[in-house]
Amino acid sequence: MSKHEISSISEFLLHAGTDYRVFDMGRTIREIPSQQFLEQENGQIKPAYTRAQHAWFGIVFWDKTRSEQQYIWFVKLPTDENGLIVSACRNHFLQIIVDALGAELENADKKNGQLPDNPYSFIPNQNQIADFNSKSRGVLSLGKSQYFEAAKAYISSPMVIDWQSIALQGLADLVADIDSPEIHSNICRHFSHFPEQVQYQLLISMENYPLPDTCVLTILSWMKQHSEDEIKWQHGLRALSQTTNLDQVAATINKVLESEMTNSHNILVIISGRLWHYLNNQNQLLSFFEKVAEADPNFDLFMGIFQDLVQLPELREQVLQMLRNPNKSETLSIAVGHLFSAHKN
């Protein structure tokens, strides 16, 4: 196949004779169907989880005839003001792929799937890499990592096993299996006995999965016990990212919006970045943006969060309606005016 006939990343992967899976990594890690990825990269539909005006993807691919060797690309593609992937940037990345690897996977094999330095690749942090490994291994039915059994033994007997001997990857593997009754019951039973470092690592990994109700209630109870500890609340809120159907979570977010915790930029960014789906009615959204406007007299935080949320297909119309809401406070009205002024300039 000649280079000019390849018009998308998806086509490259197909014509190179690979199987592949795509994960959206914009806000948390979610597998997305290959057809959906194709439509997103072709600008037919908007990526649902953009962040910082980019769509973020982890792509795992392998030769159909030798599935034991997988390659991974972490790719971020800019989005336009409507939240669609910028086709010129996708095409530039595609050109880099074809120039570096040709159109055959055996060329990728020789180069271990590695691409040259380019503006579209990114390196996830340590936690993301561990969670991506766990999630992708689960999707590909590759089994758990070598660290899983030790982590599993630890959560059943945290008083007798040294937590410092447990690998981050093992904890990520545990959370990837959170639907297992044995695992989530041990995590819930012993959660308050785990040291903070273990609690935080488990909670960070939990953001990538819908949690069993028992785990959600355990986390909410733990947060309530530490009502003055903002760091614990940051981690607890993150853990609830993909849990969308419990009234208790919505009530907790309401409680946060009514408290002094909204003076914290980190808390506000976690709500907008991880829990935006709880801002799905005009009153809730207005209350949230009021707090954002109050938290920063320079309105830089307001500008950033507005630009972030207005790109989400799920919230775009409601965010735009918020700008015109006649019930805005004076502070929010000033923030909106600042936004329009900056846009004109």
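What counts as what
- Residues numbered from 1 in each chain as written.
- Predicted model: local features only at pLDDT ≥ 70, side-chain atom pairs only at ≥ 80, totals over all residues.
- Heavy atoms only, no water.
- Helix = DSSP H or I, 4+ residues; strand = E, 2+ residues; numbered from the N terminus.
- Rg over C-alpha atoms; globule rule 2.2 N^0.38 Å.
- Buried < 20%, exposed > 50% of the residue type's maximum accessible area, 1.4 Å probe, protein only.
- Contact = heavy atoms within 4.5 Å.
- Areas by Shrake-Rupley, 256 points an atom, 1.4 Å probe, with all protein chains shown as cover.
- Lys, Arg positive; Asp, Glu negative; His and termini not counted.
- Charge placed at Lys NZ, Arg CZ, Asp CG, Glu CD.
- 1 Å grid on protein atoms, 1.4 Å probe; cavity = no way out; pocket = protein on both sides within 12 Å on 5 of 7 lines; lining within 4 Å.
- Points joined across faces, edges and corners; volume = space filled by probe spheres on them.
- Nonpolar A, V, L, I, M, F, W, Y, C, P; charged D, E, K, R; others polar.
- Phe/Tyr/Trp six-rings, centres within 6.5 Å; stacked < 30°, edge-to-face > 60°.
- Polar contact = N/O pair within 3.5 Å; in protein donor to acceptor, adjacent residues only side chain to side chain.
- Disulfide = S-S within 2.5 Å.
- Core = buried A, V, L, I, M, F, W, Y, C linked by side-chain atoms within 4.5 Å.

Draft legend 1. Representation of the overall build of the chain in the model. Secondary structure summary: the chain contains 17 helices and four strands in total. What you see for the chain is a C-alpha radius of gyration of 22 Å, in line with the 20 Å of a compact globule of 345 residues. Judged by the C-alpha coordinates and their principal axes, the chain covers about 60 × 60 × 30 Å. For the chain, the residues scored as buried account for 52% of the 345 residues in total. Taking contacts inside the chain between residues at least 6 apart in sequence as the whole, the part at least 24 apart equals 68%. Accessible surface, the chain: about 15900 Å² in total, of which carbon and sulfur atoms supply 47%. Across the chain, the 27 positively charged side chains and the 40 negatively charged ones have centroids separated by 1 Å.

Draft legend 2. Summary view of the layout of surface pockets. Space inside the largest pocket adds up to approximately 460 Å³. Lining the largest pocket are 22 residues, with Tyr71, Ile72, Trp73, Phe74 and Gln114 positioned closest to its centre. Secondary structure elements with two or more residues in the lining of the largest pocket: β4 (70-78) and α5 (126-139). Examining the composition of the lining of the largest pocket, we find that five residues originate from one element, β4, more than from any other. The residue makeup of the lining of the largest pocket, split by class, is twelve nonpolar, eight polar and two charged.

Draft legend 3. The packing of aromatic side chains, seen in detail. Enumeration over the complete set of coordinates arrives at 16 aromatic pairs. Measuring from ring centre to ring centre gives 5.0 Å for Phe74 and Phe132, while their planes differ by 70°; the resulting arrangement is edge-to-face. In this pair, Phe74 is assigned in strand β4 and Phe132 in helix α5, connecting sequence segments 58 residues apart. A residue is classified by how much of its surface remains accessible, and Phe74, at 16% relative accessible area, is buried. With a centroid separation of 5.4 Å and an interplanar angle of 90°, the aromatic rings of Phe191 and Trp222 are classed as edge-to-face. Of the two residues, Phe191 sits in the loop between α8 (181-190) and α9 (196-206) while Trp222 sits in helix α10 (residues 213-225), which places them 31 residues apart along the sequence. Pair check on accessibility: Phe191 and Trp222 agree, each one buried. Taken together, the ring pairs connect Phe12, Phe61, Tyr71, Trp73, Phe93 and Tyr120 into an aromatic cluster.

Draft legend 4. Representation of the side chain of Ser264. Mapped onto the elements of the fold, Ser264 is located in the loop between α12 (247-257) and α13 (265-274). Only 3.3 Å separates the side chain of Ser264 from the backbone nitrogen of Asn266, close enough to count as a polar contact.

Draft legend 5. Up close: the state of the cysteines. As enumerated under the stated definition, the model contains zero disulfides in all. Distance from the sulfur of Cys215, which forms no disulfide, to the nearest cysteine sulfur (Cys188) is 3.6 Å. Owing to a relative accessible area of 2%, Cys215 belongs among the buried residues under this scheme.

Draft legend 6. Focus on the nonpolar core. Ranked by size, the top nonpolar core spans 69 residues in total, and within it Leu202, Met206, Phe288, Phe289, Phe302 and Leu309 carry the most contacts. The leading source of residues in this core is helix α14 (residues 282-295), at seven residues. Ignoring sequence-local partners within four residues, the contact set of Phe289 consists of Phe302, Ile305, Phe306, Leu309, Val319, Met322 and Leu332. One finds Ile9, Tyr20, Trp73 and Phe93 within the second-largest nonpolar core, a separate group that totals 27 residues.

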